[in-house]
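Given next are the chains, with one letter for each unit.
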Amino acid sequence: MEVGFLGLGIMGKAMSINLLRHGFKVTVWNRTLSKCDELVEHGASIGETPAAVIKKCKYTIAMLSDPSAALSVIFDKDGVLEQISNGKGYIDMSTVDDDTSLKISEAIKAKGGDFLEAPVSGSKKPAEDGQLVILAAGDKALYDEIVPAFDVLGKKSFYLGEVGNGAKMKLVVNMIMGSMMNAFSEGLTLAERSGLNPATLLDVLDLGAISNAMFKLKGPTMLKNSYSPAFPLKHQQKDMRLALALGDENAVSMPVAAAANEAFKTARSLGLGDLDFSAVHETLKALDHST
Ligand SMILES: NC(=O)C1=CN([C@@H]2O[C@H](COP(=O)(O)OP(=O)(O)OC[C@H]3O[C@@H](n4cnc5c(N)ncnc54)[C@H](OP(=O)(O)O)[C@@H]3O)[C@@H](O)[C@H]2O)C=CC1
Ligand SMILES: O=CC(=O)O
C-alpha cells in the first residue's frame, strides 16, 4: 500500500518509519524539508509540497501541530486542495478541534475527496511501537480502506461516526490527562516539601487504585527534573485550551481543567513549551516557598 505522510515531528516521524518498516511505500513532506532526509534513509520518497504528495498518493495521512498548521497545509498555496480529487483519501491524525476538522472535511469533499479525522492517544514510544489508540470519524469507506495502516500504527482503532467525534473524544481524553498531570505534580511536590520521599510515593501510588501508565512513565523522570519531550507541553496546553472551548460550547463547568490550563500557560511563559508536558512540574518549583 502506498501512502503520503505530511508532518514529520515527534509523532509523524515515528509513525512514518513504522509504516515503512511494515512494507508500506511512503512519500513524505515536512514544512522544514530537511527533516525528510532521515526518512529517505528508511526508504521513503520525498514530495516537495503537500500538493505533490496528494498528486502521487491515493491516501495521505497528516500529523501536524495544531489547527493553524492543519488548515495551512490544506488551504495555502501548494496545499492539499490543489490536487485532492475523486478517489483520493485524506486522513488527518493531528489533535485539533471539531470545527477545524469540519472545515477540512467540507473543503476536501467539495473537491470530491474522502476525509477521515483520526487523532491518536499515546505518545512517542507508542508511536514507535505501533501501540497508538486511534479515534477515527468521517467517511466509513475510507476508514475501512485505511485499516491496514491503522493496524500498523495502533493497538486499537475506534470508528466514532461523524466528523468531529474523533476530535472531541481526543480533547476529552487529553483534558483528563492534563488535569491528572497537575494533580500528580502537586502530589510529588507536597510529598517532598512535607518531608516524605517522593520515590516512595510513586511506589505507593503504583500499588493502589490510581496506578496508571502515565504516573509510572513520567514519575521517575520528573523526580530527576528530566523533561526530554515526548509530548511537548505547548501541545498539551493547546489541547486544554481547545477542550475548555468545547466545555464553553456545551455549558460544562470545568474548574479543574481551567486551573490545569493556567499551570500549563505559566509553564509556557517560563519558556518550557518545547519540553515534555510533565515539565509543568517546574512551575510549582518556581513558586517561592520560603516560610
Ligand atoms: N507527541 C505526542 O506525544 C502526541 C502528539 N499528538 C498530537 O499530534 C500532533 C503532532 O504532535 P508532535 O509530533 O508531538 O508535534 P511536533 O511539534 O513534534 O511536530 C509538529 C509538526 O507540525 C509541523 N508544523 C507546525 N506548524 C506548521 C505549519 N504552519 N505548516 C505546516 N507544518 C507545520 C511541524 O513542521 P516543522 O518540522 O517544519 O516545524 C512538524 O512536522 C499534535 O497535534 C499533537 O497534539 C497526539 C498524541 C501524542
Ligand atoms: O496527546 C498526547 C498523548 O499522550 O496521547
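Read on for an overview of the structure. All values derive from a computational prediction rather than experimental measurement.

## Structural notes on the side chain of Lys218
For step 1, the next point in the chain: Its location among the elements puts Lys218 in helix H10 (residues 213-223).
For step 2, the next point in the chain: A polar contact of 3.1 Å, which involves the side chain of Lys218, links it to the side chain of Asp276.
For step 3, the next point in the chain: Dropping the residues within four chain positions of it, Lys218 is found in contact with Met181, Ala230, Asp276, Phe277 and Ser278.

## Here we look at the site of ligand 2
For step 1, the next point in the chain: In the vicinity of ligand 2, the contacting residues are Ser121, Gly122, Ser123, Lys170, Asn174, Met177 and Phe231.
For step 2, the next point in the chain: Here an oxygen atom of ligand 2 sits 2.7 Å away from a polar atom, N or O, in the side chain of Lys170.
For step 3, the next point in the chain: Across the shell around ligand 2, the residue classes tally to two nonpolar, four polar and one charged.
For step 4, the next point in the chain: The residues that make up the shell around ligand 2 include at least three from each of domain 1 (2-162) and domain 2 (168-287).

## Let's talk about the nonpolar core
For step 1, the next point in the chain: One finds Phe5, Met15, Leu19, Ile91, Met93 and Phe150 to be the most contacted residues of the largest nonpolar core, which totals 34 residues.
For step 2, the next point in the chain: Only strand S1 (2-6), helix H1 (10-21), strand S2 (25-29), helix H2 (36-41), strand S4 (59-62), strand S8 (132-138) and helix H7 (140-153) provide two or more residues apiece to this core.
For step 3, the next point in the chain: With seven residues, H7 is the largest single contributor of residues to this core.
For step 4, the next point in the chain: Contact partners of Phe150, with chain neighbours within four places excluded, come to Ile91, Met93, Leu116, Ala118, Ile134, Ala136, Tyr143 and Ser157.
For step 5, the next point in the chain: Counting residues in each nonpolar core, the second largest holds 27 residues, with Leu242, Met254, Leu272 and Ala279 among its members.

So, how was this worked out
Residues numbered from 1 in each chain as written. Chains lettered and ligands numbered in written order. Predicted model: local features only at pLDDT ≥ 70, side-chain atom pairs only at ≥ 80, totals over all residues. Heavy atoms only, no water. Helix = DSSP H or I, 4+ residues; strand = E, 2+ residues; numbered from the N terminus. Polar contact = N/O pair within 3.5 Å; in protein donor to acceptor, adjacent residues only side chain to side chain. Contact = heavy atoms within 4.5 Å. Near = heavy atom within 4 Å. Nonpolar A, V, L, I, M, F, W, Y, C, P; charged D, E, K, R; others polar. Domains from an automatic or database assignment. Core = buried A, V, L, I, M, F, W, Y, C linked by side-chain atoms within 4.5 Å. Buried < 20%, exposed > 50% of the residue type's maximum accessible area, 1.4 Å probe, protein only.

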